[in-house]
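One letter stands for each residue in the lines below.
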Amino acid sequence: MLSELLSGALADARARQLTRPLASVEAAAAAQAPALDALGLLAPAGQVKIIAEVKRSSPSRGPLAEIADPAALAVSYQSGGASAISVLTEGRKFGGSLADLEQVRAAVEIPVLRKDFIGDPYQVFEARAAGADLVLLIVTALDQDTLVTLHDLIRALGMTALVETHSGDEVSRAIDIGAGLIGVNARNLSTFELDQDLFGSLADRIPSGVIRVAESAVKTAADVAHYRSAGADVVLVGEALVTSDPLRTLSEFLAV
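Here's a quick rundown of the structure.

Reading guide: rules and limits
Residues numbered from 1 in each chain as written. Predicted model: local features only at pLDDT ≥ 70, side-chain atom pairs only at ≥ 80, totals over all residues. Heavy atoms only, no water. Helix = DSSP H or I, 4+ residues; strand = E, 2+ residues; numbered from the N terminus. Contact = heavy atoms within 4.5 Å. Pairing = 2+ DSSP bridges. Axes fitted to C-alpha atoms, helices over the stretch in contact; angles between N-to-C directions. 1 Å grid on protein atoms, 1.4 Å probe; cavity = no way out; pocket = protein on both sides within 12 Å on 5 of 7 lines; lining within 4 Å. Points joined across faces, edges and corners; volume = space filled by probe spheres on them. Nonpolar A, V, L, I, M, F, W, Y, C, P; charged D, E, K, R; others polar. Core = buried A, V, L, I, M, F, W, Y, C linked by side-chain atoms within 4.5 Å. Buried < 20%, exposed > 50% of the residue type's maximum accessible area, 1.4 Å probe, protein only.

### As for the side chain of Thr160
At step 1: Topologically, Thr160 is positioned in strand S7 (residues 160-165).
At step 2: Other than its neighbours up to four places away in sequence, Thr160 contacts Ala38, Leu39, Asp133, Leu134, Val135, Ile154 and Leu181.

Okay, here's the thing in structure tokens:
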């Protein structure tokens, strides 16, 4: 599944590049206001922080929410106390787009993450051109040279990489590139099975000073508390918010 998602995302990026060449995207990226300091804004501060996600569908669950106005949803997340907004821009399986990210960026004042299957520098420039402050890099999808290249480019453009891991070896690879924001995804991207205890088994491998993000397998405040007790500084939440009253759910999650 991961191979299919990555290859599809890269094919779509190549198609976009035919009508919007790299030089044009680089110019648009350079014209953007500087990216927000996501590391500073997500740093531990005594309570768990939430990255709230704009997510219409997923390969594992199918359609989740129509989200006709992603900007309005993001504004509600911000007013509810979210520290950052994640926007799924993958179109084939998740129903997202860069237009969603642009709309969200224009509507909120907190960091915005481009969540997609990133494997080419063109996609990183696209993210900055659309106003992203953070870009997701999935370690298991990338060889180390590509991971280093993309991570360095993200930093050079003033953004922050959320480096997603699924094993101890991948955490080590993230540390080796100097990642300041490391996520542990409970969802196996090959089988889409969930292991909520994976974060706790890997958290101690993430050095002090690196922000720890728990991803996936969050349905209730008890799940957030589970991650918090295991050492999470930040929890990324998608399905639980788009399938409920986001303000109420965020309030419950932030109270743990």
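The rest of the description comes next.
### Considering the sheet that holds strand S6 (residues 134-138)
At step 1: Pairing is parallel around the closed barrel formed by eight strands, whose spatial order is S1-S4-S5-S6-S7-S8-S9-S10. Between one strand and the next, the sheet's axes are offset by a mean angle of 25 degrees, whatever the strand orientation.
At step 2: Inspection of the sheet shows strand S1 (residues 49-54) paired to strand S4 (residues 84-88) by four bridges, in the parallel sense. Bridge pairing in S4 links Glu53 to Ser86.

### A word on the layout of surface pockets
At step 1: What the largest pocket holds in volume is close to 560 Å³.
At step 2: As for the largest pocket, its lining consists of 32 residues, and the residues nearest its centre are Lys55, Arg187, Ser216, Ala217 and Glu239.
At step 3: Elements with a minimum of two residues in the lining of the largest pocket: S6, strand S10 (234-237) and helix H11 (239-242).
At step 4: When its residues are assigned to classes, the lining of the largest pocket shows 14 nonpolar, seven polar and eleven charged.

### Points about the nonpolar core
At step 1: Counting 67 residues, the largest nonpolar core has Tyr77, Ile85 and Val235 as its most contacted members.
At step 2: With five residues, the single largest contributor to this core is helix H6 (residues 121-129).
At step 3: For Tyr77, the contacting residues outside a window of four places in its chain are Ala52, Glu53, Val54, Ala82, Ile85, Leu241, Val242, Pro246 and Leu250.
At step 4: Judged by nonpolar contacts, the second largest core, of 24 residues, contains Leu10, Phe117, Leu136 and Ile138.

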